[in-house]
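Overview (structure and organization)
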Amino acid sequence: MKDNSSISPDLLETIERYHYKTMSTNELDVFDQKINDDPEFKILVEDVRSYINGIEEQALKEKLNKFHDALPHTLQTKPKKFRRRQFQFMKIAALVVLFVAIGSFWFLNGSSNERLYNSHFKPDPGLPTTMSTSSDYPFYDAMVNYKQGDYQKAIAKWDVLQKITPQNDTLNYFLGVAHLANKSETKAIPFLEYAASQPKSVFVQDANYYLGLAFLKKDDSVNAIKFLKLSDTEDSKKLLEKLDK
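Everything numeric here is computed off the predicted structure, so don't read it as measured data.

Rules of the game
Residues numbered from 1 in each chain as written. Predicted model: local features only at pLDDT ≥ 70, side-chain atom pairs only at ≥ 80, totals over all residues. Heavy atoms only, no water. Core = buried A, V, L, I, M, F, W, Y, C linked by side-chain atoms within 4.5 Å. Buried < 20%, exposed > 50% of the residue type's maximum accessible area, 1.4 Å probe, protein only. Helix = DSSP H or I, 4+ residues; strand = E, 2+ residues; numbered from the N terminus. Salt bridge = Lys/Arg side-chain N within 4 Å of Asp/Glu carboxyl O. Expected span 1.5 Å × (residues − 1). Contact = heavy atoms within 4.5 Å. pLDDT = per-residue confidence, 0-100. Axes fitted to C-alpha atoms, helices over the stretch in contact; angles between N-to-C directions. Parallel < 35°, antiparallel > 145°, perpendicular 65-115°, else oblique. Left-handed = near helix turned anticlockwise from the far one by under 90°. Nonpolar A, V, L, I, M, F, W, Y, C, P; charged D, E, K, R; others polar.

As for the nonpolar core
- Core analysis: the biggest nonpolar cluster contains 41 residues, and Tyr146, Trp158, Tyr173, Tyr210 and Leu213 have the highest contact counts within it.
- Where this core is concerned, the elements lending two or more residues are α6 (112-120), α7 (137-147), α8 (151-164), α9 (169-181), α10 (185-196), α11 (204-217), α12 (221-229) and α13 (234-243).
- Among the nonpolar cores identified, the runner-up in size contains 12 residues, and Phe31, Leu44, Val45 and Val48 belong to it.

Comments concerning the pattern of salt bridges
- Evaluated as defined, the whole model comprises five salt bridges.
- Glu27 is the partner of Arg17 in a salt bridge, and the nearest nitrogen-oxygen pair spans 2.8 Å. Highlighted residues: Arg17 in helix α1 (residues 9-19) and Glu27 in helix α2 (residues 25-37), separated in sequence by 10 residues.
- With relative accessibility at 26%, the residue Arg17 sits in the partly exposed group.
- Among the salt bridges present, the one from Glu185 reaches Lys217, with a minimum N-O distance of 3.9 Å.

Here's the deal with α10
- Look at α10: 15 Å from first C-alpha to last across 12 residues, which is about the 16 Å you get at 1.5 Å a residue.
- Regarding α10, the residues found buried are Glu185, Ala188, Ile189, Phe191, Leu192, Ala195 and Ala196.
- Those residues of α10 that are buried lie in contact with α8, α9 and α11.

A few points about the confidence of the model for the protein
- A residue-level look at the protein finds 71% of positions with pLDDT of 70 or above and a mean pLDDT of 80.
- Predicted confidence is poor over residues 74-82, with pLDDT under 50, and the contacts of this stretch with residues over four places away or in other chains come to six contacts.

With respect to the packing of α10 against α11
- Relative orientation of the contacting elements α10 and α11 amounts to 155°, with a least axis distance of 9 Å. Taken together, the axis directions place α10 and α11 in an arrangement best described as roughly antiparallel. As α10 runs across α11, the sense of the crossing is left-handed. For the pair formed by α10 and α11, the contact residues are Glu185, Ile189, Leu192, Glu193, Ala195 and Ala196 on the first element and Val204, Ala207, Asn208, Tyr210, Leu211, Ala214, Phe215 and Lys217 on the second.
- Among the residues making up the contact of α10 with α11, the classes are represented as 10 nonpolar, one polar and three charged.

Considering unusual backbone geometry
- Residues other than glycine seldom take positive phi values, yet Lys183 does so here, at roughly 65°.
- Structurally, Lys183 can be placed in the loop between α9 and α10.
- Despite not being glycine, Asp219 has its phi angle at roughly 65°, a positive value.
- Mapped onto the secondary structure, Asp219 falls in the loop between α11 and α12.
- Judged by relative accessible area, which is 47%, Asp219 ranks as partly exposed.

Shown next as structure tokens:
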């Protein structure tokens, strides 16, 4: 599939002229032929035309004013070029709103694995932060950061503890999940692999599930399925059903 995630101003202007029937006969013939030969281009043209039909003049003027106000002052002091600039910014404003309005059609043509990951990933809720003993305080102090969504701070604190006790399955598991929540699946995998390799760990099933998600994020379906099958969690089973389709 072609990558139509952006439309050049020239193409947008061409579609506008096609929509308003201001093309020359020869140009219209060429444009119609391209629409007939390229189904994806036809969809793109139809989306732009639908947007043009639906946009109200006042709303477009308001968007233009916002773009115009954001211009450096030196660019706003050239009245002779205002109509040209106005036209360009109208096209830019229309383009921005277009892709929001049509549900980001072209952007959704990315990796299906990544979309599955985004719809299924939720960070582990974490452990109760009842800091009963002073020796546990550093771990639970980081857990507070983790549960507040400050994954970077939690990772920094847990890293110190993990270097002291590298074979602690709890530390490895939560470091892996924290890295995954922090959008770093590559860093998450080694920690999750260690936690998943400990058969007596209470985190082994969840570690395999998050490992599957990490590989899914990396668009590695083979390893994603491998680790999801090693987990008996309901989340793993539901995700495997979608991967098998």
